[in-house]
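Letter by letter, the chains look like this.
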Protein chains: 2
Amino acid sequence: MTAPLHEARPSGPGRALPDTQQGMRRRNLARVLHTVRAQGPLSRAAVASRIGLTRAAVSTLVDELIRSGLLEELGPERPGRVGRPGSALAVSGRGPAGIGAEVGVDHLAVCAVDLRGTTRARAIRQGANRDRSPQPVLAELTELIRQVVAEAEGEGLWPAGLAVAVPGLVARDGRTVVRAPNLGWHDTDLGTLLPAGLPLTVDNEANFGALAELWLGEDTPRDFLHVSAEIGIGAAVVVDGGLLRGTRGFAGELGHVPVRPDGPECACGGRGCLEQYAGEEAVLRAAGLEPGEDRVGLLAGRAAQGDENVRRALRDAGTALGVALTGAVNLLDPESVVLGGELSGLAPWLLPSLRDELARRTAGPVCPVTVSPLGPEGPLLGAAHSVVRAVLDDPAAVAGQA
Amino acid sequence: MTAPLHEARPSGPGRALPDTQQGMRRRNLARVLHTVRAQGPLSRAAVASRIGLTRAAVSTLVDELIRSGLLEELGPERPGRVGRPGSALAVSGRGPAGIGAEVGVDHLAVCAVDLRGTTRARAIRQGANRDRSPQPVLAELTELIRQVVAEAEGEGLWPAGLAVAVPGLVARDGRTVVRAPNLGWHDTDLGTLLPAGLPLTVDNEANFGALAELWLGEDTPRDFLHVSAEIGIGAAVVVDGGLLRGTRGFAGELGHVPVRPDGPECACGGRGCLEQYAGEEAVLRAAGLEPGEDRVGLLAGRAAQGDENVRRALRDAGTALGVALTGAVNLLDPESVVLGGELSGLAPWLLPSLRDELARRTAGPVCPVTVSPLGPEGPLLGAAHSVVRAVLDDPAAVAGQA
DNA sequence: GCTATTTCGTCATGCCGGTTTACAAATTAG
DNA sequence: CTAATTTGTAAACCGGCATGACGAAATAGC
C-alpha cells in the first residue's frame, strides 16, 4: 500500500499462467541466469544476495543451469576480502545460440549470438533484392543460415531459434510479411520458405533495431523513442523495457504524423504527413537527385562533399522531424529519442535543425536526441538477441534440447 | 518458445520481489478475488477451473479470503446441471472501501466505493475554488471525507485508502501538487493537509478519468487514448491495461502537439499547439465569449441554443483535435479514442468534424472515437476505484486491518 | 605460525503451498 | 430407486525454499 496505487499493469487477471511451484522455479531459474549474465562473473552467494533467495536455493538452481549447459563454473575467485572465496559463475559460451537474419533491400545478412551476447558467426551477401520474388531470396538466405549455423555448431553452439528482420509490416502471427513495399512482397508466409525445425519469429526491422538499442546500448533507458527510416519513417516506442506494438501492430507510424495539415497529399490519404518532408523520396526530390540504388549512401556522400542542395534538403527534413517528434515527445514523455538504422548515417546533417526545432517548441528540459551507436547493424543484432533473450527469460524451456 | 519472442515486458531482472512461496500465495489470493469480482457469483470449482488451480487449493484460498472479510458465501447455487450444486461466492459488500475525492475548480466531491464497485456514500459541495489557498479548501474537503467515511462505516465498511484527483500536475511521489494553474496552487504537499491514518494517493484528474473508463467502461479495450480538457488538453495513454506515465510523469500532453507549425505562439514556447485551437480560452475567444465561471457549461448551452458562432468555434476545435489525434493514433495504434471529462459535454459539436478529419487522414480502418459514458463523474470514480483496485491486487496486505 | 574470524558452498531438516487421491454430499438422468 | 456427475473437503504426498549446522578456504590478529 505504499507504492503508487494505480500502476495498474499487474492488475486484472494478471499473468495468464497459474502461480504454481513449477512456475516459481522457472522464474527463479531465469532470475539467476539473468543476474549472472548482466552482472558479470558472480559467486552463488553474490547471486543469492542480489535476487533475495538463500544460498542453498541458489545452489540448486545453479546446479540445474550448469547441467543444462547454460552456466559454467570458472573456478575459485581471486580473493580480496576475508573469508572463503566463492566460485565464479558465468553464462556458457557453448550453449544455445540465437540466429538472427536480415532481409535488406540490397543485402542479406545472418549472424549467431551466444548467451554472453558475443557474435560468434556471421555471413553477409550483397545484392539488390528490390522486386525479386520471395522464393529465390529466401533460398539464398537459407543457404547463409546453414553456413552460420554450421560455423556456430563448430564452436559448440546449437541454434535455439531463428529471428528474421524484414523491411515491412509483419502480421501478429510473427511469420507472415503483410506488406514490404521496398521488396515488393505482400502476404508472404516465411514459415514455409525458411529452414524448418527452428522456432521462427519474423518482425519489422525497426522493431528489432529498437530492441537492439534497448538491450545493447550503453545507458539506454527503459523508455525511449527509436526512429528509423527503412520503409518510410518508422518509430518504435519502447515503454518500460518493452515494445509498444499497438492493437493492430501498427504503432510507430511516425511517417504519417501530420506536420502541415494543408501540405501536399500523401499516399495514406492525409496531407502534409512527415513522410512528405523527411521521407527518402521527398528528400531526394528536394535535393534534386534521382532515386537510385543506395539512396541513403548517396545522400550521405553528397552531404559530406558539401553539396549545398543536399544539405539544405536534410536540414529541412530535420526540421520536419523536429515538429513531428515534438508531438511524440509531448505525448509519451520518453527519456530520450534515438536515431537508428540507416538514419544514423545522415544524423550529422539532420540533428542540428531537429534539435533546434525540438528545443524551440519545448518548455523546460528538452528531451535529448542521440544517435544509435549500432547504426545499420541494429536490426540484425536485435533479431539474434531476441532469441537469446527468450532463452534467458525461460531457461527451463530449452533445458533438454541440447 | 511458441509465443512471440520479443514481448520483452517480463524481460530483464523481472519483478523486483523474490519469487518465494509467500509471494505465490499472495498472488493466488489476488487471482481468486479478481476472478470472483469480475465473473459474478462463482463456485469454488468454477474459480479453480478458471485460474488453473485445483479445487482443494482454491478452497483454502477462499477460506482465507472469507476469514479476512473480502469474500462471502451466498449459499448453494440453483442447480441447472447434473451434479452437486456449488456454493456461490461473491465479494463482500461489508469489507474495505475505497475513498475517492476530487478537487474541482468549482466543486469538491467525495465518494466511497465498496469491493463490488458500488458507490455506497457520497458528498458534493459546490463553490468556486479558483485562487483560494489550499488550506481552507482542503479543510472543507477533509470535512466531506469525514462525512463519507462515517456514512460508509455505518454500513459496515472501513476505509482502505484515500485517493484524490486534482486538476494539475502531480509529482511522482503521489502526494505533492506541482502545479495546478486553475486553482493557483503550486508545490503543495497534500499529505500534511488531509486526514492522516489513511494511505493517500494524489493524481491528475485526467489520469483517474482514464482509469475509470478502463475499469468501469462497458467494452473498454486495454489500449486506448483518453482525451479530456480540464487543465489545457490532456490525454491519458492506456497501454496494456496500465497508464503510460512517461519518464517525468508528463506523458499525455496532447495540448502541446503542434497542429500548425507556423501558428500562433503558445505559452510553452512553441507555435500552433493544439491548445491554440482547441483550448478553452481559444474556443471562447473564437466564439466571441468572455471567460467566466462555468466555461464549458456556457459553451454547451450556447451551442445547444444554436449559436452559430459557438458552433463554428467548436467545429474548428474538433478539426484541430482531429489533426492532433491523427498523429497520436499513428504513433500508438490504440483500439479507440475516448472523449471524457468535461469534454464529453461538448462532444455533439466536436465529434463530427473531429471524426471527419481523422477519417480523411487515415488509410484503412479508422480508429473509432467514442464519448465516455461516465462524463464528469470519471475522475472521482477512478480515484475511489484505484483504492479498491489496490485491495484486489494484494488482498493479503489489508487482511488483518479490519 | 597459530588461532580466531569471516565467508562460501552444501547438507539435513522443516515449513509452506499446491497436487493427488479418496470420499461424502447433493443433484440429474434413466 | 439406482447410476452418473459434480462439489467441497480431508489426508497423504511432493516440490521448493528457508533454516541451521557444518566443513572448507581465505584473512586478521597475536
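Cut-off values and rules
Residues numbered from 1 in each chain as written. Chains lettered and ligands numbered in written order. Predicted model: local features only at pLDDT ≥ 70, side-chain atom pairs only at ≥ 80, totals over all residues. Heavy atoms only, no water. Near = heavy atom within 4 Å. Polar contact = N/O pair within 3.5 Å; in protein donor to acceptor, adjacent residues only side chain to side chain. Helix = DSSP H or I, 4+ residues; strand = E, 2+ residues; numbered from the N terminus. Nonpolar A, V, L, I, M, F, W, Y, C, P; charged D, E, K, R; others polar. UniProt positions renumbered as here; feature names shortened; annotations may be inferred. Least-squares fit on C-alpha atoms with pLDDT ≥ 70 in both. Contact = heavy atoms within 4.5 Å. Buried < 20%, exposed > 50% of the residue type's maximum accessible area, 1.4 Å probe, protein only. Buried area = accessible area lost by both parts, 1.4 Å probe. Salt bridge = Lys/Arg side-chain N within 4 Å of Asp/Glu carboxyl O. Expected span 1.5 Å × (residues − 1). Pairing = 2+ DSSP bridges. Axes fitted to C-alpha atoms, helices over the stretch in contact; angles between N-to-C directions. Core = buried A, V, L, I, M, F, W, Y, C linked by side-chain atoms within 4.5 Å. Parallel < 35°, antiparallel > 145°, perpendicular 65-115°, else oblique. Left-handed = near helix turned anticlockwise from the far one by under 90°.

1. Observations concerning the protein's contact with DNA strand D
- Taken together, 27 residues surround DNA strand D, and among them Arg-25 and Arg-84 of chain A together with Ser-59, Arg-84 and Ser-87 of chain B come closest.
- Counting only the atoms of DNA strand D within 4 Å of the protein, the fraction contributed by sugar and phosphate is 61%.
- One of the backbone N or O atoms of Ala-45 of chain B is found 2.8 Å from a phosphate oxygen in DNA strand D.
- Arg-84 of chain B is positioned with one of its side-chain polar atoms (N or O) 2.6 Å from a base oxygen of DNA strand D.
- Contributions of two or more residues to the surface near DNA strand D are made by helix H1 (21-38) and helix H3 (55-67) of chain A together with helix H2 (44-51) and helix H3 (55-67) of chain B.
- Looking at the surface near DNA strand D, its residues break down into 10 nonpolar, 10 polar and seven charged.

2. Description of the UniProt feature "domain: HTH marR-type" (unreviewed entry) in chain A
- Per the UniProt record, the feature "domain: HTH marR-type" (unreviewed entry) sits at residues 30-81 of chain A.
- Secondary structure within residues 30-81 of chain A divides into 58% helix and 12% strand; the distance between the first and last C-alpha atoms comes to 29 Å.

3. Some details on the relation of the copies chain A and chain B
- Its rotation angle being 180 degrees, the transformation that places chain A on chain B also includes 0.1 Å of axial translation and leaves an RMSD of 0.1 Å. Such a combination of turn and shift is consistent with a two-fold rotation axis. Every residue of chain A has its C-alpha some distance from the rotation axis, and the shortest such distance is that of Arg-260 of chain A, at 3.0 Å.
- Residue by residue, 100% of the interface of chain A is reproduced at the interface of chain B, so both copies engage with the same surface.

4. Comments concerning unusual backbone geometry
- Residue Asp-131 of chain A is not a glycine yet carries a positive backbone phi of 65 degrees.
- Structurally, Asp-131 of chain A is set in the loop between strand E5 (119-126) and helix H4 (134-154).
- Residue classification places Asp-131 of chain A among the exposed residues on the basis of a relative accessible area of 60%.
- One non-glycine residue with positive phi stands out, namely Asp-187 of chain B, at about 50 degrees.
- Structurally, Asp-187 of chain B is set in strand E9 (residues 185-189).

5. Quick look at the protein's contact with DNA strand C
- Taken together, 27 residues lie near DNA strand C, and Gln-21, Ser-59 and Ser-87 of chain A together with Arg-25 and Thr-54 of chain B sit nearest.
- For DNA strand C, the backbone makes up 66% of the atoms found within 4 Å of the protein, where backbone means sugar plus phosphate.
- Between DNA strand C and Gln-21 of chain B there is a distance of 2.8 Å, counted from a base oxygen to a side-chain nitrogen or oxygen.
- Secondary-structure elements contributing two or more residues to the surface near DNA strand C are helix H2 (44-51) and H3 of chain A together with helix H1 (21-38) and H3 of chain B.
- Of the residues forming the surface near DNA strand C, the biggest block, four residues, is contributed by H1 of chain B.
- Per-class residue counts for the surface near DNA strand C are 11 nonpolar, 10 polar and six charged.

6. Some details on the interface of chain A and chain B
- Facing 82 residues of chain A, the contacting portion of chain B comprises 83 residues.
- Both faces combined, the contact of chain A with chain B buries some 7000 Å², and carbon together with sulfur accounts for 54% of it.
- Counting across the interface, chain A meets chain B through five salt bridges.
- Its salt-bridge partner being Asp-333 of chain B, residue Arg-248 of chain A comes within 2.4 Å of it at the nearest N-O pair.
- When residues of the side of chain A that touches chain B are traced back to their parent elements, those giving at least two are H1, strand E10 (200-204), helix H5 (205-216), strand E12 (234-239), strand E13 (242-244), helix H9 (308-332) and helix H11 (378-393) of chain A.
- Looking at the side of chain A that touches chain B element by element, the count peaks at seven residues for H9 of chain A.
- Partitioning the side of chain A that touches chain B into residue classes produces 38 nonpolar, 23 polar and 21 charged.

7. Focus on helix H11 (residues 378-393) of chain B
- Here H11 of chain B spans 21 Å end to end across 16 residues, near enough to the 22 Å set by a 1.5 Å rise per residue.
- Along H11 of chain B, 15 of the 16 residues are buried, which leaves the element largely enclosed by surrounding structure.

8. Quick look at the sheet that holds strand E4 (residues 107-114) of chain B
Residues and elements named next belong to chain B.
- Within the open sheet, the five strands sit side by side as E5-E4-E3-E6-E10. Their pairing is mixed. Looking along the sheet, the strands with just one partner apiece sit at the ends: strand E5 (119-126) and strand E10 (200-204). Averaged over all pairs of adjacent strands, the angle between strand axes in this sheet comes to 15 degrees, irrespective of strand direction.
- Here seven bridges tie strand E3 (residues 96-103) to E4, and the two strands are oriented antiparallel to one another.

9. Thoughts on the nonpolar core
- With 94 residues, the main nonpolar core has Val-227, Leu-254 and Leu-274 of chain A together with Val-227, Leu-254 and Leu-274 of chain B as its most contacted residues.
- Not counting the four nearest positions on each side in its chain, Val-227 of chain B is found in contact with Ile-233, Gly-234, Ala-235, Leu-254, Leu-321, Leu-325, Val-337, Val-338, Leu-339, Gly-340 and Leu-343 of chain B.

10. Some thoughts on the packing of H1 of chain B against H2 of chain B
Residues and elements named next belong to chain B.
- Axis separation between H1 and H2 bottoms out at 10 Å; the angle between their running directions is 115 degrees. As the angle between them shows, H1 and H2 are arranged roughly perpendicular. Note that H1 runs across H2; the crossing there is right-handed. Here Arg-31, Val-32, Thr-35 and Val-36 of H1 come into contact with H2, specifically with Val-47, Arg-50 and Ile-51.

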